[in-house]
Amino acid sequence: MADNNIGPKRLVVGAHYGLRDWLAQRATAVVMAVYTVILLVCFFTSTNFSYQGWAALFSHQWFKVATFAVFMALFFHAWIGVRDALMDYVKPVGIRLVLQVATILWLIGCAGYAAQILWRN
């Protein structure tokens, strides 16, 4: 009976959260990498290496939206990593819950601050 649980015919149970989280982290990493390439291309092709040139780049609405999307990807990427680390290493459920709620509140605050920076006048 124990031999049936080895190899390709093994019984797999559970919600498969590990695969979903692994894919989500890879997808958010790709989003951040693509944005970094775009930012580097804009930086190296620009002739205006000043605050005014940098501000002009971020004055376009599409660039603000892209930047905010990357921040959201970063925060989701961080949440998955911190949550997994807390689940692996913090065994008392109460302490883990407090740390997870604190992490969520911190990331929401960071998202609000990012929006404020991008869309302030």
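Computed from a predicted model, the values in this text were never measured in an experiment. (Residues numbered from 1 in each chain as written. Predicted model: local features only at pLDDT ≥ 70, side-chain atom pairs only at ≥ 80, totals over all residues. Heavy atoms only, no water.)

Considerations on the packing of aromatic side chains
Threshold: For this analysis, a ring pair means two rings from Phe, Tyr or Trp (six-membered ring only for Trp) whose centres lie within 6.5 Å, classed as stacked if their planes differ by under 30 degrees, edge-to-face if by over 60, and tilted for the remaining angles. Only DSSP runs of H or I reaching four residues or more are called helices, and only runs of E reaching two or more are called strands; each is numbered from the N terminus. Burial classification: accessible surface area is computed with a 1.4 Å probe over protein chains only, and a residue below 20% of its type maximum counts as buried, one above 50% as exposed, and the rest as partly exposed.
Taken as a whole, this structure holds seven aromatic pairs when the rule is applied. With 6.0 Å between their ring centres and 20° between their planes, F71 and F75 make a pair best called stacked. Taken as a pair, F71 and F75 lie in helix α3 (residues 61-89) at a separation of four residues, close to a single helical turn. Relative accessible area serves as the criterion here: at 13%, F75 is assigned to the buried category. Through successive ring pairs, a cluster of aromatic residues spans Y35, W54, F58, W62 and F63.

Side note on the UniProt feature "transmembrane region" (unreviewed entry) in the chain
Operational definition: UniProt positions are given in the numbering used here, feature names are shortened, and annotations may be inferred rather than shown by experiment.
Under the local residue numbering, the UniProt record ascribes the feature "transmembrane region" (unreviewed entry) to residues 29-50, 62-82 and 94-119. Secondary structure over residues 29-50 splits into 77% helix and 0% strand, and the C-alpha atoms at its two ends are 29 Å apart.

Some details on the pattern of salt bridges
Worth spelling out the cut-off: Salt bridge, as used here: a side-chain nitrogen of Lys or Arg that lies within 4 Å of a carboxyl oxygen of Asp or Glu.
Under the counting rule described, the total for this entry stands at three salt bridges. A salt bridge links D21 to R20; the shortest N-O distance between them is 3.9 Å. A relative accessible area of 8% means that D21 is categorised as buried. Among the ionic pairs, R83 bridges to D84, the shortest N-O distance being 3.0 Å. For R83, a relative accessible area of 15% corresponds to the buried category.

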